[in-house]
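One-letter residues, chain by chain:
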Amino acid sequence: MALAMVKPVAAATVEQPRKAMVSIDSVTMSFGTFVAVENVDLTVADGEFLAIVGPTGCGKSTILNAIAGLLKPSGGRVSIDGNPVSGIQNDIGYLFQQDALLPWKTAIENVELGLLFKGVATAERRERSMMWLAKVGLKGFEQRYPHQLSGGQRKRVQMAQALITGPKVILMDEPFSALDIHTRHLMQNELLRLWQEERRAVVMITHDLEEAIALGDRVAVLAAGPRSRVIDSFDVDLARPRDVAEIKLDPRFMDLYRNIWASLRGEVEKSYERRD
Amino acid sequence: MNVATERLIQLGLLVAILGGWQLGVSTGVIDVFFFPAPVDIFNQIVNWVIDPNFYRHVTITLTETVLGYVIGTGLGVAAGVWLGLSRSAARILDPFIKGLNAIPRVVLAPIFVLWLGLGLWSKVALAVTLVFFITFFNAMQGVREVNPVVLANARILGAKRSELLRHVYFPAAASWILSSLRTSVGFAVVGAIIGEYLGASAGLGYLIAQAEGNFDAVGVFAGIIILAVFVLVIDRVLDVVENRLIKWRPNAAEEKTA
């Protein structure tokens, strides 16, 4: 336990040395009379990788959609880099859980979409897209349609698509949950490598605690829904660069896991009770 | 079963049907007044095909079909996409659309003749009313069934409304629209033919009506066969167009030949 420098801190009072990139101030998300999350306060510093874990159905995704501007909070404020979020945000990258590629466009056409919508000239667009496809290890797959790619390859294309415009914030909604375990490890390492090159603020939603610790700088725990809120926040002070498969054997990883799980377990049990 | 055997069986079936028919006619079992001999029908078709006058009729029917088809599908796609995007407009117009669609189109033919005369346009109008609703409902459905995740992704990537239409809505609706475009061809022909049949001075429908007026069953059957070929040719053209346009779809080509 001596090695594990784990101290739970209240999310609202976390002190950030770097400037805040995403601020969520007492945000409430409700649909009709159903309140998914209530009074959530979260701050993500520039270059910080925040992982949010919580039991299924606790409204994790709605928080992400509020940051993206896809959903409007019924209370509270969200701002990115000091600018309040109203409407769809274009300086974010969103990595969806599902296949979000346009099936009628080839890999390279999908990757260059963000640049196309920003009005970048064709030649530059092609060049940068080729570079990004090479970066995610898909050189030679430029002209393939999504249905001609494997699940992992499609995720790679999605990563390139989300990152090519150099977004200020990267949002991820259980991005690898649909992949098999080996592909998932591969993709997680890939993601860390890309993120390490150019550190952006990341908000990642996951129900996989191992993934949250292995990838994140900080893990926030959400309570069981409805009326979910942030109940705990843990700093993950594991050295980077990390290898996702190996870091799980690190004793400090296990200590963190034990601590966070102690906090999360109660909520998971509650969420099952409410559903049964 | 391999392809060659299947083709052989198909050919065998055709020979059996036509041969049996011809045999029935020559032995007197089948009354030629109602079911003329295949050989006579074939001769009639040949006579028409070598007669330059015949192509005037084909041209007129083709013009009516194409005009009705293009105008009808154009309006159908435009209205379908619009109402697919705007839920409130769709709700407001819904009873009117259902009401209009409930009218049997054939009864409109006399009105169109009254409004537009016996010429080309009354037939075009009839074809338009038949074609419009098919493409309209398909285009609307296609736009509504756009994958919301793909849509959200495109919006986050910065797509404006016109770009969403071009890069997301239209391609997503394309397979729906294209399948309706193929069904519509038959209806465009039906519209043109019925229009001609009810009152015209030229066209394939007119030829059939004339043959019928003379109790000329040979002419009626020959006209029917020519119409079938006419539709098959247009269908084949659309097949090629469709495979060109949606090459991104998995197994688009395999499904077609299967």
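Everything numeric in this text was worked out from a predicted model, so none of it was measured.

1. A look at the overall build of chain B
- When helices and strands are counted, chain B shows 11 helices and zero strands.
- The linear arrangement of helices and strands in chain B, starting from the amino end, is α-α-α-α-α-α-α-α-α-α-α.
- Overall, chain B is about 75 × 55 × 30 Å in size when its C-alpha atoms are taken along their principal axes.
- A fraction of 73% describes how many contacts in chain B between residues 6 or more apart in sequence connect residues 24 or more apart.

2. What to know about the sheet that holds strand 4 (residues 75–80) of chain A
All names here are of chain A.
- The antiparallel open sheet is built from four strands, whose spatial order is 2-1-4-5. Two strands close off the open sheet at either side, each with one partner strand: strand 2 (34–45) and strand 5 (83–84).
- Here two bridges tie strand 4 to strand 5, and the two strands are oriented antiparallel to one another. Within strand 5, the position partnered with Ser79 by the bridge is Pro84.

3. Let's talk about the interface of chain B and chain A
- With 16 residues of chain B at the interface, the matching set in chain A holds 18 residues.
- At the level of secondary structure, the elements contributing two or more residues to the side of chain B that touches chain A comprise helix 7 (148–156) and helix 8 (161–198) of chain B.
- Ranked by the residues each element gives to the side of chain B that touches chain A, the list is headed by helix 7 of chain B, at seven residues.
- Residues that form the side of chain B that touches chain A fall into these classes: 11 nonpolar, three polar and two charged.

4. Remarks on the sheet that holds strand 3 (residues 49–53) of chain A
Residue and element names in this part refer to chain A.
- With respect to topology, six strands assemble into an open sheet ordered 6-7-8-3-9-10, the strand pairing being mixed. Strands with a single pairing partner mark the edges of an open sheet, and in this sheet they are strand 6 (92–95) and strand 10 (230–235). Adjacent strand axes in the sheet meet at a mean angle of 15° when their direction is disregarded.
- Note: strand 3 against strand 9 (residues 218–222), four bridges, orientation parallel. Its bridge partner lying in strand 9, Leu50 is registered against Arg218.

5. Side note on the packing of helix 8 of chain B against helix 10 (residues 217–245) of chain B
Residues and elements named next belong to chain B.
- At a minimum axis distance of 11 Å, the contact between helix 8 and helix 10 shows a crossing angle of 165°. Taken together, the axes of helix 8 and helix 10 are roughly antiparallel relative to one another. Helix 10 is crossed by helix 8, and the crossing has right-handed handedness. Contacts between helix 8 and helix 10 involve Ala174, Leu178, Leu181, Arg182, Val185, Gly186, Val189 and Ile193 on the former and, on the latter, Leu227, Phe230, Val231, Ile234, Asp235, Leu238, Glu242 and Leu245.

6. Describing the UniProt feature "domain: ABC transporter" (unreviewed entry) in chain A
- Under the UniProt annotation, "domain: ABC transporter" (unreviewed entry) lies at residues 22–249 of chain A.
- Secondary structure within residues 22–249 of chain A divides into 32% helix and 27% strand; the distance between the first and last C-alpha atoms comes to 32 Å.

7. Comments concerning the confidence of the model for chain A
- For chain A, per-residue confidence averages 86 on the pLDDT scale, and residues scoring 70 or more make up 93% of the total.
- Under a pLDDT of 50 for its full length, residues 1–16 of chain A has, in the predicted model, 26 contacts with residues more than four places off or in other chains.

8. Some remarks on the UniProt feature "transmembrane region" (unreviewed entry) in chain B
- Annotation from UniProt places "transmembrane region" (unreviewed entry) at residues 66–85, 97–118, 187–208 and 215–234 of chain B.
- Secondary structure content for residues 97–118 of chain B is 68% helix and 0% strand, while the C-alpha to C-alpha distance between its ends is 27 Å.

9. A few points about unusual backbone geometry
- Omega for the bond connecting Arg240 of chain A with Pro241 of chain A falls within 30 degrees of zero, at -5°, which places this linkage in the cis form.
- Even without glycine at this site, Ser26 of chain A takes up a positive phi of about 35°.
- Within the secondary structure, Ser26 of chain A sits in strand 1 (residues 20–31).
- The class for Ser26 of chain A is partly exposed, based on 14 C-beta atoms found within 10 Å.
- A positive phi angle, close to 55°, is found at Phe215 of chain B, a residue other than glycine.
- With respect to the helices, strands and loops of the structure, Phe215 of chain B is situated in the loop between helix 9 (204–213) and helix 10.
- Note on Phe215 of chain B: 9 C-beta atoms within 10 Å, which makes it exposed.

10. Describing the pairing of strand 3 of chain A
Residue and element names in this part refer to chain A.
- Of all five residues in strand 3, five are buried; the element is thus mostly enclosed.
- Alternating residues of strand 3 divide into Phe49, Ala51 and Val53 and Leu50 and Ile52, and every residue in both groups is buried.
- In this sheet, strand 8 (residues 201–206) lies alongside strand 3 in parallel orientation, the contact comprising five bridges. Pairing of Phe49 across the sheet is with Val202, part of strand 8.

Parameters at a glance
- Residues numbered from 1 in each chain as written.
- Chains lettered and ligands numbered in written order.
- Predicted model: local features only at pLDDT ≥ 70, side-chain atom pairs only at ≥ 80, totals over all residues.
- Helix = DSSP H or I, 4+ residues; strand = E, 2+ residues; numbered from the N terminus.
- Contact = placed C-beta atoms within 7 Å.
- Pairing = 2+ DSSP bridges.
- Nonpolar A, V, L, I, M, F, W, Y, C, P; charged D, E, K, R; others polar.
- Axes fitted to C-alpha atoms, helices over the stretch in contact; angles between N-to-C directions.
- Parallel < 35°, antiparallel > 145°, perpendicular 65-115°, else oblique.
- Left-handed = near helix turned anticlockwise from the far one by under 90°.
- UniProt positions renumbered as here; feature names shortened; annotations may be inferred.
- pLDDT = per-residue confidence, 0-100.
- Buried ≥ 20, exposed ≤ 12 C-beta atoms within 10 Å, placed from the backbone.

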